[in-house]
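Observations on the model geometry
Take a look at the letters that make up each chain.
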Amino acid sequence: MESRSKSISRRTALKASGLVAAGTALGMSLPAVAEAADAAKSADADQCVYDTIVIGAGLAGLTAARELRKKGRKVLVIEARNRIGGRTWTDTFNDYEIERGGAWVDPKQPHVWRELSRYALPIVADAGPERVLMPTLSGFAEFDPITAYTRQGELFTPFFDGATNYFPKPYQPFTREDLVTPLDGVTLRDRLNQLAFAPQDEIRMTSTTALYGAPSTRGALTQLAQWWALSGWNYEGFAGINTYRMQGGTKSLANAILADGAPHLVLNSPVSSVTQKNGQVKVLTRTGVTYTATEVIMAVPVNVWKKITFSPALPTAYRDATTQGYGVPRQKKLWLDLTNPTDRFIAEAPEGYGITIMGRMNDNAPVVAFTVDPTLDVTSHAQVEAAVKQIMPQASLRSFTVTDWQAEEFSLGGPAFRQPYQLTRLHRAISQPFGKVKFAGDDLALGWSGYMDGAIESGLRVAGSPTLSPLPAAAPNNRGLVGPEADRRIYRSMIGL
Ligand SMILES: Cc1cc2nc3c(=O)[nH]c(=O)nc-3n(C[C@H](O)[C@H](O)[C@H](O)COP(=O)(O)OP(=O)(O)OC[C@H]3O[C@@H](n4cnc5c(N)ncnc54)[C@H](O)[C@@H]3O)c2cc1C
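Residues numbered from 1 in each chain as written. Predicted model: local features only at pLDDT ≥ 70, side-chain atom pairs only at ≥ 80, totals over all residues. Heavy atoms only, no water.

1. Remarks on the site of the ligand
So the rule is basically this: When we say a residue is near a molecule or strand, we mean one of its heavy atoms is within 4 Å of it. Pairing of N or O atoms within 3.5 Å defines a polar contact, subject to two protein rules: one partner must be a possible hydrogen donor and the other a possible acceptor, and residues neighboring in sequence count only if both atoms are side-chain atoms. In this text, helices come from DSSP runs of H or I with a minimum length of four residues, and strands from runs of E with a minimum of two, each type numbered from the N-terminal end. Three residue categories are used. Nonpolar comprises Ala, Val, Leu, Ile, Met, Phe, Trp, Tyr, Cys and Pro, charged comprises Asp, Glu, Lys and Arg, and polar comprises the others, including Gly.
Residues in close proximity to the ligand total 39 residues, the closest being Glu 79, Arg 87, Trp 104, Val 271 and Asp 442. In this structure, an oxygen atom belonging to the ligand sits 2.9 Å away from a main-chain N or O atom of Ala 60. One nitrogen or oxygen atom from the main chain of Val 271 is found 2.8 Å from a nitrogen atom belonging to the ligand. Contributing elements (two or more residues each) for the shell around the ligand: α4 (59–70) and α18 (452–462). When the residues that make up the shell around the ligand are grouped by side-chain class, the tally is 22 nonpolar, eleven polar and six charged.

In C-alpha cells form, the structure reads like this:
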C-alpha cells in the first residue's frame, strides 16, 4: 500500500512539472527519469536551491548544463517547449526524417565536431546536386555543379577581400579591431554596391546575401566575412559547410548531451521572470512555479530576452540587442514534395523572389527550401507552389510543411546573423554576466555565431570550460594580398563607401 501511494505521488509530481513529457519524449533511461522525479518533488515544494538554473534546452543550454554537472554542480534546466533542441528540431514529413532548423555540420566547426566524435554519432554526406539553376538576366539557366560553383567562387572571393587582414584569427574577431570597427557598419548590400558587379553577376550573389541578411540591407558584412575566415578564407571552405549531417538527426546530439550531463529538466515551462535579490536568483515560470539558484544562465535566443521580465532591469546594451534582434527575421524553412522535378538539384534565386534557395540533396528526398520573403503566405499551397514555379515553371507541388522561425514564440527569428555595429558595439557588453545572470547562445559565440558550433562554444564558455580556436587549415593567402601594404590598399577601398 505504501509503495503504491509513493508511486502515485511521484507520478503526480512528474505530471505537474512536465517531467513525464521529458522522460517519454526523449526515451530517457530510467535513472534519468528518476533524477527528474527528484527535481519535480523539490520543485513542487519550492525548497531546492540549485547551484545553477539554465534557462533554455537548446544546444547552448544543454552543453552548459553538462559541463557544470561534470564539475559537481546541482543544475536545473528549464525549457519552454515540450521538447529539447530549440532551433534544432528533427521531425518527419511524409515518413522522411527532416530537420526543421539546423541540419549541417562540418569538420571546420570544431566544437560540434568534437561532440559528434565524443558520442560516436555517425555522419552522412548529402549526395549533392546533379545540376544547378542560377539566375540570369533572362530567367534561370542550368549548369553542372562544378561550372556553377567555380563561377560563384570567382564572384565571392573579391567580396571578402581583406578578410585575412581584418579577421586574421577567426575565433578572435577583435584581433584587428582597428580594421573591423569602421567596417562593421557595412551591410551586405553596401558591399555589393561598392564592388559594382555586372548585373548578370550580382543576381547570382543575392541569394546568399538575402538568405542571411534578410534582407541584404540588414545583415553586416563582418558576419559573413567572419564565416569566410572561419572557413579558411576561401570559397571551397565557405560553400562546403553544408555537406554533412548527423545520421540520427540533430536530436541524437541533443539527447546525448542531455543524457551525459543528466541535469534536472523541466519541459513546458516558459520562464516569465528572473529576479536577483539577496545573492540569489528566483526564476518564475508561466506555470506559476518559482525555482531558486545561486546563478542563472540565460541560454535563450537574444531575440526573446525582451519577453522576460528581469529585476533589476537589464542594462541598455542587452535591451538594445534584444530590441534590434540577432536571429534572422522572416526566415522560414520549407520541405516540399514536388512531383516534378524528381532529380537532385539546387536552385538559387535573386533577392526579391518568394523562395531564396531550394534543392533536393538526396535521391527520393523531399526538397528543402528557404524563404525570407515577408509577403509569401506560407500557409497557402497556391502561393508556395507559385513561388516554386517562379524558379521552375514546370514544377508541381503535392504537399509541403514549413517552420516559421520568426513566428515561433521561443525563437522569434532564425539563426543568429549580426546587423551593422552589433559586433563592435554590443557583442562584448552582452556577453558579460549581469550580476548573477550569465548569457549563452549561438548569438554570443566568438566563432561560428549562427551555427550549432557557436551554440556549443558559447555553452562551454559560460560554464567555464575551455573552447577550441584552431586556425583554419588553409593558409591565409587571399590572392597574395597580406601584410601591411595589403591592409592599407584593401582597407582604404573598403571603407571608402
Ligand atoms: C532554419 C534554420 C536553419 C539552420 N541551419 C543550420 C545548419 O545547417 N547548421 C548549423 O550548424 N546551424 C544551423 N542553424 C542554427 C542552429 O540551429 C542554431 O545556431 C542553434 O541551434 C542555436 O542553439 P541555442 O542553444 O543557442 O539556441 P536555441 O536552440 O534557440 O535554444 C534556446 C532554447 O531556449 C528555449 N526558450 C526560449 N524562451 C524560453 C523561456 N522563456 N523559458 C524557457 N525556455 C525558453 C527555447 O525553447 C529553446 O529550446 C539553423 C537554424 C535555423 C532556424
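Moving on from the model shown.
2. Remarks on the nonpolar core
It is characteristic of soluble globular proteins that their nonpolar side chains tend to be buried jointly. Put simply, the rule is: Think of a nonpolar core as a cluster: buried Ala, Val, Leu, Ile, Met, Phe, Trp, Tyr and Cys residues, connected wherever their side-chain atoms sit within 4.5 Å. Any residue under 20% of the maximum accessible area for its type is buried, any over 50% is exposed, and the rest in between are partly exposed; the area is computed with a 1.4 Å probe on protein chains only. For the domains described, the bounds stem from an automatic or database domain assignment.
Residues Phe 159, Phe 160, Tyr 166, Leu 224, Trp 227 and Trp 228 are the most contacted members of the largest nonpolar core, which totals 42 residues. For this core, the secondary-structure elements that each account for two or more residues are α6 (145–159), α7 (163–166), α8 (177–183), α9 (188–195), α11 (206–213), α12 (221–230), α13 (235–239) and β18 (367–371). In terms of residue count, the dominant contributor to this core is α12 (seven residues). Mapping this core onto the domain boundaries places at least three of its residues in each of domain 1 (2–86 + 250–324 + 417–462) and domain 2 (131–241 + 469–495).

3. A look at the packing of helix α15 (residues 316–324) against helix α17 (residues 422–431)
Selection rule: Helix axes are fitted only over the stretch in contact, all axes being lines through C-alpha atoms; the angle between N-to-C directions runs from 0 to 180 degrees. By definition in this entry, angles of less than 35 degrees are roughly parallel, angles greater than 145 are roughly antiparallel, angles of 65 to 115 are roughly perpendicular, and the rest are oblique. In this scheme the crossing of two helices becomes right-handed for a clockwise turn of the near helix relative to the far one and left-handed for an anticlockwise turn of less than a right angle. What makes two residues a contact is simply this: any of their non-hydrogen atoms within 4.5 Å.
At a closest axis distance of 9 Å, the pairing of α15 and α17 adopts a crossing angle of 125°. Judged by the angle between their axes, α15 and α17 are oblique. In this structure, α15 crosses over α17, and the sense of that crossing is left-handed. Across the interface between the two elements, Ala 317, Tyr 318, Asp 320, Ala 321 and Gln 324 of α15 pack against Gln 422, Leu 426, Ala 429 and Ile 430 of α17. Classifying every residue of the contact of α15 with α17 gives six nonpolar, two polar and one charged.

4. Observations concerning the sheet that holds strand β17 (residues 357–360)
Selection rule: Pairs of strands are assigned from DSSP output, requiring at least two bridges between the strands.
Pairing is mixed in the open sheet, where seven strands are placed in the order β8-β7-β16-β17-β18-β15-β19. Edge positions in the sheet fall to β8 (139–143) and β19 (396–404), since each has one partner strand and no second. Along the sheet, successive strands turn relative to each other by an average axial angle of 20°, direction set aside. Pairing analysis gives five bridges linking strand β15 (residues 332–340) to β18, with the strands arranged antiparallel. When the sheet's bridge partners are listed, Leu 336 is paired in β18 with Val 367. Its contacts with the sheet place helix α16 (residues 381–391) against β7 (131–136), β8, β15, β16 (345–348), β17 and β19, and it is angled at close to 110° to β19.

5. Description of the side chain of Gln 422
Of note, Gln 422 is situated in helix α17. A polar side-chain atom of Gln 422 sits 2.8 Å from the main-chain amide nitrogen of Gln 419. Discounting chain neighbours no more than four positions away, the residues touching Gln 422 are Asp 184, Gln 324, Gly 325, Tyr 326 and His 427.

6. Description of the side chain of Thr 187
Here Thr 187 lies in the loop between α8 and α9. Judged by its relative accessible area of 9%, Thr 187 is buried.

7. What to know about the environment of Tyr 421
Here Tyr 421 shows up in the loop between β19 and α17. Residues Tyr 421 and Thr 187 lie 234 residues apart in sequence; the distance between their C-alpha atoms is 9.8 Å. Each residue touching Tyr 421, except ones within four places of it in the same chain, is listed here: Thr 181, Asp 184, Gly 185 and Leu 426.

8. Topic: the environment of Glu 67
For Glu 67, the position within the fold is in helix α4. By relative accessible area, Glu 67 is classed as buried at 11%. Spatially, the C-alpha atom of Glu 67 lies 7.0 Å from that of Ser 465, the residues being 398 residues apart in sequence. In contact with Glu 67, other than residues within four places in its own chain, are Arg 118, Leu 460, Ala 463 and Ser 465.

9. What to know about α11
Within α11, eight of the eight residues are buried, which leaves it mostly tucked inside the rest of the structure. If you check which residues of α11 are buried, you get Thr 206, Ser 207, Thr 208, Thr 209, Ala 210, Leu 211, Tyr 212 and Gly 213. Positive backbone phi, approximately 45°, marks Ala 214, located one or two places after α11.

10. Section: the pattern of salt bridges
Going by this rule: Just to be clear on terms, a salt bridge is a Lys or Arg side-chain nitrogen sitting within 4 Å of an Asp or Glu carboxyl oxygen.
All told, the structure shown has 22 salt bridges when counted by the stated rule. For Arg 245, the salt bridge is made with Asp 126, and the minimal N-O distance between the two is 2.8 Å. In this pair, Arg 245 is assigned in strand β9 (residues 244–246) and Asp 126 in the loop between β6 (123–125) and β7, connecting sequence segments 119 residues apart. Take Arg 245: its relative accessible area is 23%, and that puts it in the partly exposed class. Here Glu 154 ties to Arg 151 by a salt bridge, and the two come within 2.8 Å at their closest N and O atoms. Residue Glu 154 and its partner Arg 151 are both found in helix α6; the two are separated by three residues, about one turn of the helix.

11. Describing the packing of aromatic side chains
Stated precisely, the cut-off is as follows: When the centres of two rings from Phe, Tyr and Trp lie within 6.5 Å, Trp using its six-membered ring, the rings pair. Their planes under 30 degrees apart give stacked, over 60 give edge-to-face, and anything left gives tilted.
Counting across every chain of the model gives 22 aromatic pairs. Considering the side-chain rings of Phe 156 and Phe 238, the 6.3 Å spacing of their centres and the 45° angle between planes classify their relative orientation as tilted. Note that Phe 156 is positioned in helix α6 and Phe 238 in helix α13, a separation of 82 residues in sequence. No difference in accessibility class separates Phe 156 from Phe 238, as the two residues are buried. Summarising the aromatic geometry, the rings of Trp 448 and Tyr 451 are spaced 5.1 Å apart at their centres and angled 75° between planes, so their arrangement reads as edge-to-face. The exposure class of Trp 448 is buried, given its relative accessible area of 0%.

12. Side note on unusual backbone geometry
Across the junction of Ala 214 and Pro 215, the peptide omega takes the value 0°, indicating a cis bond. Positionally, Pro 215 belongs in the loop between α11 and α12. The step from Asn 340 to Pro 341 runs through a cis peptide bond, and the omega angle for that step is 0°. Relative to the helices and strands, Pro 341 resides in the loop between β15 and β16. Backbone geometry at Asn 94 places phi at a positive 50°, although glycine is not the residue there. The phi angle at Ala 214 is positive, at roughly 45°, despite the residue not being glycine. Relative to the helices and strands, Ala 214 resides in the loop between α11 and α12.

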